[in-house]
Every structure is written in C-alpha cells, then in structure tokens.
Amino acid sequence: QVQLVESGGGLVQPGGSLRLSCVASGFTLDYYDIGWFRQAPGKEREGVSYISRRGGSTYYAYSVKDRFTISRDSAKNTVYLQMSSLNPEDTAVYYCATRRAYNTRWLEPKTYDIWGQGTQVTVSS
C-alpha cells in the first residue's frame with residue numbers, strides 16, 4: 001500500500017537535462033523528509049539531494065551542487081529532481097526515499113525507511 005515510484009530517467013547526451021519524479025501513494029509525503037540517492041555500477045549508493053518535510057531546507061552533494069535542484073509539490077504528493085549539465089559520471093540508478101523520524105544526517109541511506117524501485121539515468125554520447 002505504501003509505495004514510491006520514480007520516473008523520468010532515460011538516455012541523455014552530456015550537457016543535457018532530465019527531470020526525475022517520485023510519486024508517493026498510500027501516505028502523505030508532506031510529513032516526510034525526502035532524499036534522492038544514486039548507485040553506479042561497482043560503486044556504493046550515495047546521497048544526491050535532500051529536502052525537508054516542509055521544503056524549507058535543502059542539501060546537495062558537492063558533485064551535483066549548482067546543477068541539480070530538488071523540489072516538492074504537496075498537491076501532487078510528488079518530489080522532483082531537476083538535473084542539468086549532466087555528465088557521464090551522473091550515470092546511475094536513481095532512487096527516492098523517505099523518512100519520518102528526525103535525523104541530523106541528511107543523506108545517510110540507513111536513516112530512510114521507504115524506497116522506490118529506482119529509475120535508470122544514462123549520460124552518454
């Protein structure tokens with residue numbers, strides 16, 4: 001019943017843009033912190049971006065800062081990740097995740113409880 005579904009991934013050329021969406025069902029996303037994570041082949045899962053439950057605070061990994069923008073839409077129960085100036089190093093499966101409990105670790109995967117299935121982003125010429 002509780003579910004997160006990512007979409008918007010695909011193949012894009014270097015320098016291009018994509019917008020990822022994460023739609024929640026079975027619960028109200030307003031009450032949850034949201035994180036975007038990614039995992040590339042042969043690498044550990046890493047945090048990408050975070051937005052607080054009220055949207056007042058955001059955080060970005062250094063590698064994506066100034067290129068990615070996280071946002072949320074209460075009416076649509078959805079969170080977005082706008083990605084610009086993509087490069088091959090951004091290639092990964094991207095996951096959204098949520099947590100309700102307060103935690104000072106903004107992008108620690110183990111603190112997140114509900115995860116989506118992921119969407120593939122491939123940046124290649």
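Residues numbered from 1 in each chain as written. Predicted model: local features only at pLDDT ≥ 70, side-chain atom pairs only at ≥ 80, totals over all residues. Heavy atoms only, no water.

With that out of the way, let us pick up the state of the cysteines. Following the criterion strictly, the structure yields 1 disulfide and no others. Between the sulfur atoms of Cys 22 and its disulfide mate Cys 96 the distance is 1.9 Å. Taking the sign of the S-S torsion, 60 degrees for the link of Cys 22 and Cys 96, the bridge is right-handed. Taken together, the positions of Cys 22 in strand S3 (residues 18–25) and Cys 96 in strand S9 (residues 92–99) put the pair 74 residues apart, joining distant regions of the chain. (Disulfide = S-S within 2.5 Å. Helix = DSSP H or I, 4+ residues; strand = E, 2+ residues; numbered from the N terminus.)

We now examine the pattern of salt bridges. Under the defined criterion, the tally for this structure stands at 5 salt bridges. As a salt-bridge pair, Arg 53 and Asp 33 come within 3.3 Å of each other at their nearest N and O atoms. In this pair, Arg 53 sits in the loop between strand S5 (46–51) and strand S6 (58–60) while Asp 33 sits in strand S4 (residues 33–39), placing the two residues 20 residues apart along the sequence. Members of the salt-bridge network, linked through shared partners, are Arg 38, Glu 46, Arg 67 and Asp 90. (Salt bridge = Lys/Arg side-chain N within 4 Å of Asp/Glu carboxyl O.)

With that out of the way, let us pick up the nonpolar core. Counting 29 residues, the largest nonpolar core has Leu 4, Trp 36, Phe 68, Val 79, Leu 81, Met 83 and Tyr 94 as the members making the most contacts within it. Mapped by element, the contributors of at least two residues to this core are S3, S4, S5, strand S7 (68–73), strand S8 (78–83), S9 and strand S11 (119–123). At 4 residues, S3 tops the list of elements feeding residues into this core. Within the second largest apolar cluster, 5 residues are counted, among which are Phe 37, Tyr 50, Leu 107 and Tyr 112. (Core = buried A, V, L, I, M, F, W, Y, C linked by side-chain atoms within 4.5 Å. Buried < 20%, exposed > 50% of the residue type's maximum accessible area, 1.4 Å probe, protein only.)

What follows is about the pairing of S4. Within S4, 6 of the 7 residues are buried, which leaves it mostly tucked inside the rest of the structure. Sheet analysis places S4 next to S9, joined by 7 bridges and oriented antiparallel. Within S9, the position partnered with Gly 35 by the bridge is Ala 97. With 5 bridges connecting them, S4 and S5 associate as antiparallel partners. Within S5, the position partnered with Trp 36 by the bridge is Ser 49. The antiparallel pairing of S4 with S5 creates a hairpin that spans 6 residues between the two strands, and Gly 42 there sits at a positive phi of about 75 degrees. (Pairing = 2+ DSSP bridges.)

Fair warning: the whole summary comes from geometry, so function is off the table for now.
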